[in-house]
Amino acid sequence: MKINSDIIDTIKKSKCIALFCHTKPDGDALGSSCAMKYVLEKIGKECDIYCESKIPEHYCYISNYKCIKQTNDKNKKYDLAIALDCSDKKRMGECAKLFDKIPFSIKIDHHKTNEQFANLNQVEIVSSTCEVLYYVINQLGVELDDNIATCLYIGLASDTGCFMHDNTTSNTHEIASKLLEYNIDINKIHYYEFKRRTRAQLELLHICLGNLSFALDDKVAFIHLKLTDFEKTGAEQSDTLGFVNYISNVDTTKVAVMLSEEKPNLFAVSFRTNGTVDVSKIAETFGGGGHKMAAGAKIFGGITTVKKKITDVCKDFV
Ligand code: 5GP
Ligand code: MN
């Protein structure tokens, strides 16, 4: 993969860099941001990561995740902004305001649906932002180390569903193989990323699966959570990560939909498919986006209305 040399030159000549990852960050967003922070600090840059959301504790295996900031409380001046894994500017949430104030910007991303909102944009349709970043780091001439390799591995593993989705290529495996030459605790990563459950999370899952419903001859499956369910269980929004996977492999189902109420009557929607439908197109009709097999959007309305709106759109796809 050839990285735009202007991106490499710009990074090299910048001094103070702000990195941006999307709200409700996943392993790829956090992995790419934290890897980039290690890389930039290795070449003498000052660097902070911004994310609107509180970072869930289960990312404790990323050693620098605690220094991620939500606001620029010291009004620090940055000469370069880099957005990682953010398909569009909205994905940065409130942090987009800081992004806009910084005089020059770069976007590094892998989303099929994307907005080229930065001065320089490197978007490659590969497994993960971490896969693109691997080449950026290479072209910057920075040597990998245990920390950087760990962060990049998290991004590859999480966006490929542990190398099971069809965005996994021989290149993805080749990079993973190079990363595994470093000291990566894959047991710990896989435990926190794919296996660990808290009691609150299981109780939330119990409620969520209790709301299972189908539409369009079982071609569309829904599960949902309301704000009150989070209050009842003491679980957080980030605890819903992976819930949609429980319904994405029902044999009759082409589109699986998980709705999670984030604010009164505002639902974060996750779309998944078994591969027969491009769910990024469904998400786009609601102002969202993502990938062919996994996409998302935010939709306003009561639960019945939101499910009806989605069903109406799905009629054209399933
Ligand atoms: P998830 O369902 O796991 O939150 O997200 C699946 C994919 O859809 C990810 O690639 C994510 O970046 C994208 N995605 C999720 N929510 C949104 C959204 O509101 N807008 C856009 N553009 N993409 C989203
Ligand atoms: Mn990603």
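Residues numbered from 1 in each chain as written. Chains lettered and ligands numbered in written order. Predicted model: local features only at pLDDT ≥ 70, side-chain atom pairs only at ≥ 80, totals over all residues. Heavy atoms only, no water.

Participant: Give me the lowdown on the overall build of the protein chain, citing residues and values where you can.
Facilitator: Across its full length, the protein chain carries 11 helices and 11 strands. Against the globule reference of 20 Å for 318 residues, the protein chain gives a C-alpha radius of gyration of 19 Å, in line with a compact fold. In terms of overall dimensions, the protein chain has C-alpha extents of about 55 × 40 × 40 Å along its principal axes. When burial is assessed residue by residue, the protein chain has 54% of its 318 residues classed as buried. Once local pairs closer than 6 in sequence are excluded, the contacts in the protein chain between residues at least 24 apart make up 64%. Split by element, the accessible area of the protein chain, about 14,400 Å² in all, is 49% carbon and sulfur. Averaging the positions of the 40 positive and the 42 negative side-chain charges in the protein chain gives two centres separated by 3 Å. (Helix = DSSP H or I, 4+ residues; strand = E, 2+ residues; numbered from the N terminus. Rg over C-alpha atoms; globule rule 2.2 N^0.38 Å. Buried < 20%, exposed > 50% of the residue type's maximum accessible area, 1.4 Å probe, protein only. Contact = heavy atoms within 4.5 Å. Areas by Shrake-Rupley, 256 points an atom, 1.4 Å probe, with all protein chains shown as cover. Lys, Arg positive; Asp, Glu negative; His and termini not counted. Charge placed at Lys NZ, Arg CZ, Asp CG, Glu CD.)

Participant: Outline the sheet that holds strand 9 (residues 266-273), supporting the account with residue identities and numerical values.
Facilitator: Strand pairing within a sheet occurs via backbone hydrogen bonds; the two strands may be parallel or antiparallel. Across the sheet, six strands lie side by side as 6-7-8-9-11-10; this open sheet has mixed pairing. Looking along the sheet, the strands with just one partner apiece sit at the ends: strand 6 (213-215) and strand 10 (289-290). Judged from the three bridges that link them, strand 6 and strand 7 (residues 220-225) form a sheet pairing that is antiparallel. Note that in strand 7 the partner of Ser213 across the bridge is Phe222. Where helix 8 (residues 199-210) meets the sheet, its contacts fall on strand 7 and strand 8 (255-263), and the angle it forms with strand 7 comes to roughly 135°. (Pairing = 2+ DSSP bridges. Axes fitted to C-alpha atoms, helices over the stretch in contact; angles between N-to-C directions.)

Participant: How would you summarise the coordination of the manganese ion (ligand 2) if you had to cite specific residues and measurements?
Facilitator: In an ideal octahedron of six donors the angles at the metal are 90 or 180 degrees, and in an ideal tetrahedron of four donors they are 109.5 degrees. At this site the manganese ion (ligand 2) is bound by Asp28 (OD), Asp85 (OD), His110 (NE2) and Asp159 (OD), with donor distances of 2.2 to 2.4 Å. Sequence positions of the donors to the manganese ion (ligand 2) reduce to the motif D-x56-D-x24-H-x48-D. Separated by 49 residues along the polypeptide, His110 in the loop between strand 4 (105-109) and strand 5 (120-123) and Asp159 in helix 5 (residues 146-159) bring together distant segments of the chain. (Donors = N, O, S within 2.8 Å, 3.2 Å for Na, K, Ca; no water.)

Participant: Describe the side chain of Asn64, listing the residues and the values that go with them.
Facilitator: Within the secondary structure layout, Asn64 lies in the loop between strand 2 (46-50) and strand 3 (80-84). Look at Asn64 and you get buried, because its relative accessible area is 9%. Leaving out residues up to four positions away in the same chain, Asn64 has contacts with Cys34, Lys37 and Tyr38.

Participant: Lay out the nonpolar core with the relevant residues and their values.
Facilitator: Counting 54 residues, the largest nonpolar core has Ile11, Ile82, Leu152 and Leu179 as the members making the most contacts within it. Residues contacting Leu152, with those up to four places away along its chain left out, are Ala35, Cys130, Leu133, Tyr134, Ile137, Leu144 and Leu179. (Core = buried A, V, L, I, M, F, W, Y, C linked by side-chain atoms within 4.5 Å.)

Participant: I'd like a rundown of helix 8, residues and numbers included.
Facilitator: Side chains of residues three or four places apart in an α-helix project in the same direction, reflecting 3.6 residues per turn. Along its 12 residues, helix 8 runs 17 Å from first to last C-alpha, staying within 8% of the 16 Å computed at 1.5 Å per residue. When helix 8 is considered as a whole, its buried residues turn out to be Ala200, Gln201, Leu204, Leu205 and Cys208. With its buried residues spanning 135° around the axis, helix 8 presents them on a single face. Pointing more than 90 degrees away from the buried face of helix 8 are the exposed residues Arg199, His206 and Gly210. In the core, the buried residues of helix 8 are packed alongside strand 7, helix 9 (227-233) and strand 8. (Expected span 1.5 Å × (residues − 1). Arc of directions from axis to C-beta.)

Participant: Account for the pairing of strand 3, with residues named and values stated.
Facilitator: Burial runs high along strand 3: five of the five residues are buried. Neither face of strand 3 is exposed, since Leu80, Ile82 and Leu84 on one face and Ala81 and Ala83 on the opposite face are all buried. Here strand 1 (residues 16-21) pairs with strand 3 via five bridges, running parallel. Paired with Phe20 across the strands is Ala83, a residue of strand 3. As paired elements, strand 3 and strand 4 share four bridges and run parallel to each other. Note that in strand 4 the partner of Ile82 across the bridge is Ile106. Tracing the backbone out of strand 3, into helix 3 (residues 96-101) and back to the parallel element strand 4 gives a crossover that is right-handed. (Right-handed = clockwise from strand over helix to strand, strands pointing away.)

Participant: Lay out the packing of helix 5 against helix 6 (residues 170-179) in plain terms, naming residues and giving numbers.
Facilitator: Where helix 5 meets helix 6, the axes come as close as 10 Å, and the angle between the chain directions of the two elements is 150°. Between helix 5 and helix 6, the angle falls in the class roughly antiparallel. The interaxial crossing formed by helix 5 with helix 6 has left-handed handedness. On the side of helix 5, the interface is formed by Ala149, Leu152, Tyr153 and Leu156, while helix 6 contributes Thr172, Ile175, Ala176 and Leu179. Grouping the amino acids of the contact of helix 5 with helix 6 by side-chain chemistry returns seven nonpolar, one polar and no charged. (Parallel < 35°, antiparallel > 145°, perpendicular 65-115°, else oblique. Left-handed = near helix turned anticlockwise from the far one by under 90°. Nonpolar A, V, L, I, M, F, W, Y, C, P; charged D, E, K, R; others polar.)

Participant: Pulling in residues and values, what's your account of the domain arrangement of the protein chain?
Facilitator: As assigned here, the protein chain comprises domain 1 (5-195) and domain 2 (199-314). The centre of domain 1, based on its C-alpha atoms, is set 26 Å off from the matching centre of domain 2. The partner domain 2 presents 15 residues to the 10 residues of domain 1 that form the contact. Interface area, domain 1 with domain 2, both sides summed: about 1,100 Å², of which 49% is carbon and sulfur. Ranking the residues of domain 1 by area buried against domain 2 places Lys24, Lys112 and Thr113 at the top, with a combined share of 47%. Glu236 is paired through a salt bridge with Lys54; the nearest N and O atoms lie 3.7 Å apart. (Domains from an automatic or database assignment. Buried area = accessible area lost by both parts, 1.4 Å probe. Salt bridge = Lys/Arg side-chain N within 4 Å of Asp/Glu carboxyl O.)

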